[in-house]
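# Per-entry structural report
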Amino acid sequence: MAYVNENYLKLPGSYLFADIGRKVNAFKKDNPEADIIRLGIGDVTIPLVPAVIEAIHKATDEMSKPETFRGYSPEQGYDFLIEKIITHDYNSLGIEFSNDEIFISDGAKSDTANMQEIFGADNIVAVTDPVYPVYVDSNAMAGRLGEYDSNEGKWTNLVYLPCTAENGFIPSLPEKKVDMIYLCYPNNPTGTTLTKDQLKKWVDYARDNKAVILFDGAYEAYITQPDIPHSIYEIDGAKEVAIEFRSFSKNAAFTGTRCAYTVVPKELKGYTKSGDVVDMNKLWNRRTSTKFNGVSYIVQKGAEAVYSEEGQKQISEVIAFYMENARIIREGLTSMGLKVFGGVNSPYVWLKTPEGYDSWQFFDKLLKEVYVVGTPGVGFGPSGERYFRLTAFGSRENTKEAIERIKSLKF
Ligand code: PLP
């Protein structure tokens, strides 16, 4: 008999964006004339920049000739890309890594989910709440989170670290001891960040408690303020306790092309039940070699071009474009008296829904009355209730139009 992994059966219904899609499609069916603007899903809309396209074309040509054709890439990624990452993303911050501490992957989504495989089943997991759902669901699939309580919208063995306007979106250290801590900064969905001092508290906690921080920096490129850390390794001691995930998705439009990287420092320590210290870099390398055959050469060449002078200039223009959208959203909503967060170091604007509206009621009002689609905050966790996310990834015209329409609403 083929027994199933019953943890999958505990997962609540369907995925947030599937629920939204269903609602929007039903509305469209009844209102085919409605001109719907989507500021919901966090996908980019501006294509790959010319420097990347050129590199991809060149690499494709290389693959067509016997003398330059390449088969399997190293599972961990090509050194040409890893070296650019180390120089540009880390040495520039005064941080050193050797090539075998960087692992090129096909996405921060897959790696944040896959990474939990090298952790024991009994670890206590903590997530900021609201949270990118992948961290929660992947640990639930592994059986680490206990049971799902649908009344509370919570897993029984998961430690939620509430992040709301009341605490300035700064998670407090947990009362109960935890072993794996997911932090994402700049944050999806709230768009907020932590300062170095705030991040240091977490690094110190992890060091004191022999815990590991899984730090998702997928939106690092959107940081505009000078005092915000770009990497967790800017904090002393972080190499002993933190894994960092980065992606080319949001900074360079690789959402459909797929390339990301994960940093697992050699200093990073895990422990056996009997207290022996284990080098987690070795475990991740073992896992990568066994289960992954590398990102395509063509795509890694495209990612390398992100670091060229032209590539940097071109992607920074795209990011500036999205950040101007974020400003338009932020200022437009603020001018109507709404409480608005994020959107300064992040493409996400997080707003408090007006009195009398929960997340889904606000979603319905926007969809039905002004044909604008956003994301209900409660879909990201219980502390997201009464919040709503809009993204800056739309066109300028749609962003402006959506805000004008929202401003016409009466609450
Ligand atoms: N991490 C966060 C916080 C995200 O919001 C997303 C995508 O929305 C990802 C990771 C996915 O990144 P990738 O496209 O590299 O899989």
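### Notes on the sheet that holds strand 16 (residues 375-376)
Spatially, the four strands line up as an open sheet ordered 13-14-17-16, and their pairing is antiparallel. Each of the sheet's edge strands pairs with one partner strand only, and the pair in question is strand 13 (340-342) and strand 16. In the sheet, strand 14 (residues 348-352) pairs with strand 17 (residues 387-391) via five bridges, with the strands oriented antiparallel. Bridged to Trp350 within strand 17 is Arg389. Along the sheet face, helix 11 (residues 309-335) touches strand 13, strand 14 and strand 17 and points at about 15° away from the line of strand 14.

### Digging into the pattern of salt bridges
All chains considered together, the criterion is met by 24 salt bridges. For Lys84, the salt bridge identified is with Glu304, shortest N-O distance 2.9 Å. Linking Lys84 in helix 4 (residues 79-90) with Glu304 in helix 10 (residues 297-306), this pair joins segments that are 220 residues apart in sequence. Each member of the salt-bridge network shares a partner with another, and the members are Asp89, Glu220, Glu244 and Arg246.

### Quick notes on the side chain of Asn345
In this structure, Asn345 sits in the loop between strand 13 and strand 14. Polar contacts involving the side chain of Asn345 include one to the main-chain amide nitrogen of Thr224, which spans 2.8 Å. Contact partners of Asn345, with chain neighbours within four places excluded, come to Pro186, Thr193, Tyr219, Tyr222, Ile223, Thr224, Gln225, Ile228 and Met323.

### Examining the sheet that holds strand 3 (residues 125-129)
The seven strands lie next to each other as 2-10-9-8-7-3-6, forming an open sheet whose pairing is mixed. Strands at the two margins of the open sheet, each flanked by one partner only, are strand 2 (102-105) and strand 6 (158-162). On average, each strand axis in the sheet is inclined to that of its neighbour by 20°, with strand direction left out of account. Note: strand 8 (residues 212-216) against strand 9 (residues 242-247), four bridges, orientation parallel. Following the sheet pairing, Ile213 is matched in strand 9 by Ala242. The strands that helix 6 (residues 133-141) touches are strand 3, strand 6, strand 7 (180-184) and strand 8; relative to strand 7, the one it contacts most, it runs at about 155°.

### Some thoughts on the side chain of Glu304
Residue Glu304 is classed as buried on the basis of its relative accessible area, which comes to 15%. Filtering out sequence-adjacent residues up to four positions away, Glu304 remains in contact with Phe80, Leu81 and Lys84.

### As for the packing of aromatic side chains
The final tally for this structure, using the stated rule, is 30 aromatic pairs. Ring geometry for Tyr222 and Phe393: centres 6.2 Å apart, planes at 80°, overall edge-to-face. Taken together, the residues Tyr222 in the loop between strand 8 and strand 9 and Phe393 in the loop between strand 17 and helix 13 (396-407) connect sequence positions 171 residues apart. Here Tyr222 matches Phe393 in class, with each residue buried. Between the NZ or CZ atom of Lys239 and the centre of the ring of Phe97, over which it lies, the distance is 4.4 Å.

### A short note on the site of the ligand
Of all residues adjacent to the ligand, which total 14 residues, the nearest are Asp216, Tyr219, Ser247, Ser249 and Lys250. Between the ligand and Asn188 there is a distance of 2.7 Å, counted from an oxygen atom to a side-chain nitrogen or oxygen. Out of a free accessible area of 400 Å², the ligand has 92% covered by protein chains. Going through the elements one at a time, helix 5 (108-114) and helix 8 (249-252) are the ones with two or more residues in the shell around the ligand. Split into classes, the residues belonging to the shell around the ligand amount to six nonpolar, four polar and four charged.

### A short note on helix 9 (residues 280-291)
Taking 1.5 Å per residue as the helical rise, helix 9 with its 12 residues ought to reach 16 Å, and the 16 Å between its terminal C-alpha atoms agrees with that figure. Buried residues along helix 9 sit in contact with strand 2, helix 5, strand 8, strand 10 (260-263), strand 11 (269-271) and strand 12 (277-279). One side-chain oxygen of the residue at the start of helix 9 lies 3.0 Å from the amide nitrogen of Asn281, identifying that residue as Asp279.

### Description of the nonpolar core
In terms of nonpolar packing, the biggest core is built from 66 residues, with Ile213 and Phe248 touching the most fellow members. Of the domains in this structure, domain 1 (8-47 + 310-407) and domain 2 (53-307) are the two that each give at least three residues to this core. Of all hydrophobic cores here, the second largest spans 35 residues; its members include Phe169, Leu333, Phe341 and Leu351.

Calculation criteria
- Residues numbered from 1 in each chain as written.
- Predicted model: local features only at pLDDT ≥ 70, side-chain atom pairs only at ≥ 80, totals over all residues.
- Heavy atoms only, no water.
- Pairing = 2+ DSSP bridges.
- Helix = DSSP H or I, 4+ residues; strand = E, 2+ residues; numbered from the N terminus.
- Contact = heavy atoms within 4.5 Å.
- Axes fitted to C-alpha atoms, helices over the stretch in contact; angles between N-to-C directions.
- Salt bridge = Lys/Arg side-chain N within 4 Å of Asp/Glu carboxyl O.
- Polar contact = N/O pair within 3.5 Å; in protein donor to acceptor, adjacent residues only side chain to side chain.
- Buried < 20%, exposed > 50% of the residue type's maximum accessible area, 1.4 Å probe, protein only.
- Phe/Tyr/Trp six-rings, centres within 6.5 Å; stacked < 30°, edge-to-face > 60°.
- Lys NZ or Arg CZ within 6 Å of the ring centre and 35° of its normal.
- Near = heavy atom within 4 Å.
- Areas by Shrake-Rupley, 256 points an atom, 1.4 Å probe, with all protein chains shown as cover.
- Nonpolar A, V, L, I, M, F, W, Y, C, P; charged D, E, K, R; others polar.
- Expected span 1.5 Å × (residues − 1).
- Core = buried A, V, L, I, M, F, W, Y, C linked by side-chain atoms within 4.5 Å.
- Domains from an automatic or database assignment.

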